[in-house]
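# Chain and residue survey
The chain contents come next:
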Amino acid sequence: MEEKKRRRASFALSTWRRSAAFHRGLEALEAVLPLAEARAYLLSGARRADVDPQVYADIGALQALRRAGIQAEMRYAEAQLRRYLRAHPERGETPADLVGAAVLSGDDLRYGFSAELYDAAPSLQVYEQFLWTTVRELEMLRGPP
């Protein structure tokens, strides 16, 4: 059986610039706070007393930058999802029914989507450009080759 290749999405230059700025910010943040703690803060809002409040302000600024970058591409993803839903009405009536409002707003912290959703809406790949992780963190998780 032939494996189906995932369609790749193209993004605006402004999205690429936001992604690069986001990742530079993540690297700076990682120097003062483990990113796992930053992600936990984004999910719960709980702050540690021993962390400088400016660090939390920086996390908020990074999340705003991430949200802006994702939202810039969501009109394309929403159009792709509406087309998909016309062919699959049992999946919902609106793009928000299918993926959730938090995905469309850029607030969702997920790392990716199913192959079916990527095929339906390649523009959702913008989430891959704004992962709350760095190459260094991924290499530490993966361990030595």
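Now for a look at the structure at hand. The model shown is predicted, which means the values in this text are computed figures rather than measured ones.

All told, the structure shown has 8 salt bridges when counted by the stated rule. Of the charged contacts, one joins Glu30 and Arg136 as a salt bridge, the two residues approaching to 3.3 Å between their closest N and O atoms. In this pair, Glu30 is assigned in helix α1 (residues 13–30) and Arg136 in helix α7 (residues 135–142), connecting sequence segments 106 residues apart. The shortest N-O distance in the salt bridge between Arg110 and Asp108 comes to 3.0 Å. Residue classification places Arg110 among the partly exposed residues on the basis of a relative accessible area of 33%.

Compared with an ideal rise of 1.5 Å per residue, which puts 35 residues at 51 Å, helix α3 (residues 53–87) spans 49 Å between its outermost C-alpha atoms and is within 8% of the ideal. Its maximal kink placed at Met74, α3 deviates by approximately 40°. The N-capping residue of α3, defined by a side-chain oxygen 2.9 Å from the backbone nitrogen of Gln54, is Asp52.

Turning our eyes to something else, we now look at the packing of α1 against α3. The contact between α1 and α3 brings their axes to 9 Å, and the two run at 160°. For the element pair α1 / α3, the angle class is roughly antiparallel. Relative to α3, the crossing made by α1 is left-handed. Every residue of α3 that contacts α1 at Thr15, Arg18, Ala21, Phe22, Gly25, Leu26 and Leu29 is listed here: Val55, Ile59, Leu62, Leu65, Arg66, Ala68, Gly69, Ala72 and Glu73. Of the residues in the contact of α1 with α3, the class split is 10 nonpolar, 3 polar and 3 charged.

Tallying each qualifying case throughout the model produces 6 aromatic pairs. Ring plane angle 90° and centroid distance 5.3 Å describe the contact between Phe22 and Trp132, whose orientation is recorded as edge-to-face. Of this pair, Phe22 sits in helix α1 while Trp132 sits in the loop between α6 (115–120) and α7; the two residues are 110 residues apart in sequence, bridging distant segments of the chain. Given a relative accessible area of 0%, Phe22 falls into the buried group. What makes Trp132 buried here is its relative accessible area of 2%. Plain terms: the ring middles of Phe113 and Tyr127 are 5.3 Å apart, the flat faces sit at 85° to each other, and that makes the pair edge-to-face. Note that Phe113 is positioned in the loop between α5 (101–105) and α6 and Tyr127 in the loop between α6 and α7, a separation of 14 residues in sequence.

Analysis parameters
- Residues numbered from 1 in each chain as written.
- Predicted model: local features only at pLDDT ≥ 70, side-chain atom pairs only at ≥ 80, totals over all residues.
- Heavy atoms only, no water.
- Salt bridge = Lys/Arg side-chain N within 4 Å of Asp/Glu carboxyl O.
- Helix = DSSP H or I, 4+ residues; strand = E, 2+ residues; numbered from the N terminus.
- Buried < 20%, exposed > 50% of the residue type's maximum accessible area, 1.4 Å probe, protein only.
- Expected span 1.5 Å × (residues − 1).
- Bend = angle between axes of the 7 residues up to and from the residue.
- Polar contact = N/O pair within 3.5 Å; in protein donor to acceptor, adjacent residues only side chain to side chain.
- Axes fitted to C-alpha atoms, helices over the stretch in contact; angles between N-to-C directions.
- Parallel < 35°, antiparallel > 145°, perpendicular 65-115°, else oblique.
- Left-handed = near helix turned anticlockwise from the far one by under 90°.
- Contact = heavy atoms within 4.5 Å.
- Nonpolar A, V, L, I, M, F, W, Y, C, P; charged D, E, K, R; others polar.
- Phe/Tyr/Trp six-rings, centres within 6.5 Å; stacked < 30°, edge-to-face > 60°.

Spatial relationships are all this shows, so hold off on functional conclusions.
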